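# Commentary on secondary and tertiary structure
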Amino acid sequence: MKIGVLALQGDFDAHRRRIEELGAEVVLVKKPEQLDGIDGLVIPGGESSTFLKLLGEEGFAKLRDYVRVKPVFGTCAGAILLAAEVENPKQAGLGALDITIRRNAYGRQLDSSIREGHLGKDPIEMVFIRAPKIERIGEGVEVVATEGCDPVMVRKGKTLAATFHPELSDDPKVHQYFLDLVANGRHAR
Ligand code: GLN
């Protein structure tokens, strides 16, 4: 299984390490054409507005086509990119998930924090860094993980988005969840 990690900026290397530890091959994606031939893609955290700038029109269009048909996991800024609607301020989203997401939603005081949330029923450590908040969930979007009352990881079909940084915790469960999604998608095809 070959997993791409978008490597334009942000903390892509921690994702690479985790995915390799779990036994998949990783391609660091820096050019649009590298999207061809990978089974799934991780869009890491970073700064979503900077991602948009670095992608440019051509990169954005190619990525939008990719996320429609292939498994994708966006974390933090990556989750913002996957959303249909982005607030604070409004910016373009790839529209892969029918959610509204608010950037930097926890304010300065909570710029970054480590909290305990739940993946299904299991407690799991969650690292939040200038995290966005999922404010609206469209039809058919499933809440996979919560922190307090907030949905922090959601999925529809093969598209997964988390507002926290699973690559910064030791627990590999979240990445394993995504790899299972990619593997199941492959088997179904
Ligand atoms: N605040 C960033 C944004 O709005 C996301 C932060 C992150 O990815 N850790 O894009």
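Here is a short report on the structure shown in this document. (Residues numbered from 1 in each chain as written. Predicted model: local features only at pLDDT ≥ 70, side-chain atom pairs only at ≥ 80, totals over all residues. Heavy atoms only, no water.)

### Description of the pattern of salt bridges
The cut-off we apply is this: A pair is scored as a salt bridge if a Lys or Arg side-chain nitrogen falls within 4 Å of a carboxyl oxygen belonging to Asp or Glu. Under the scheme used here, helices are H or I runs from DSSP no shorter than 4 residues and strands are E runs no shorter than 2 residues, and both carry numbers assigned from the N terminus. A simple rule labels every residue: compare its accessible area, found with a 1.4 Å probe on the protein chains alone, to the largest value its type can have, and call it buried under 20%, exposed over 50%, or partly exposed in between.
Inspection of every chain in the model, using the stated rule, returns 15 salt bridges. Across the pair Glu85 and Arg136 runs a salt bridge whose closest N-O atoms are separated by 3.3 Å. Linking Glu85 in strand S5 (residues 83-87) with Arg136 in strand S9 (residues 133-137), this pair joins segments that are 51 residues apart in sequence. Note that Glu87 and Lys90 form a salt bridge whose closest N and O atoms lie 3.1 Å from each other. With a relative accessible area of 61%, Lys90 lands in the exposed category.

### Here we look at the packing of aromatic side chains
Just so we agree on the cut-off: Any two rings among Phe, Tyr and Trp, with Trp reduced to its six-membered ring, count as a pair given centres within 6.5 Å; such a pair is stacked if its planes are under 30 degrees apart, edge-to-face if over 60, and tilted if neither. Geometrically, a lysine NZ or arginine CZ counts as sitting over a ring once it is within 6 Å of the ring centre and also within 35 degrees of the ring normal.
Scanning all chains against the criterion turns up three aromatic pairs. Between Phe73 and Phe178, the aromatic rings sit 5.6 Å apart at their centres with planes inclined by 35°, giving tilted as the arrangement. With Phe73 in strand S4 (residues 72-75) and Phe178 in helix H4 (residues 173-188), the pair connects residues that are 105 residues apart, well separated along the chain. Each member of the pair, Phe73 together with Phe178, is buried. The ring of Phe128 is capped by Arg115, whose NZ or CZ atom sits 4.2 Å from the centre of that ring.

### A closer look at helix H2 (residues 48-69)
Applied cut-off: Helix span, as expected, comes to 1.5 Å for every residue beyond the first. The reported bend at a residue is simply the angle between two axes, fitted to the 7 residues ending at it and to the 7 residues beginning with it. Any two residues having at least one pair of non-hydrogen atoms within 4.5 Å are treated as being in contact.
Over its 22 residues, H2 extends only 22 Å from the first C-alpha to the last, a length that falls short of the 32 Å expected when each residue adds 1.5 Å. The largest bend in H2 is about 105°, located at Gly56. Considered for burial, the residues of H2 that qualify are Ser48, Phe51, Leu52, Leu55, Gly59, Phe60, Leu63, Tyr66 and Val67. Those residues of H2 that are buried lie in contact with strand S1 (2-6), strand S3 (40-43), S4, helix H3 (77-82) and strand S12 (159-162).

Keep in mind these numbers describe shape, not what the thing actually does.
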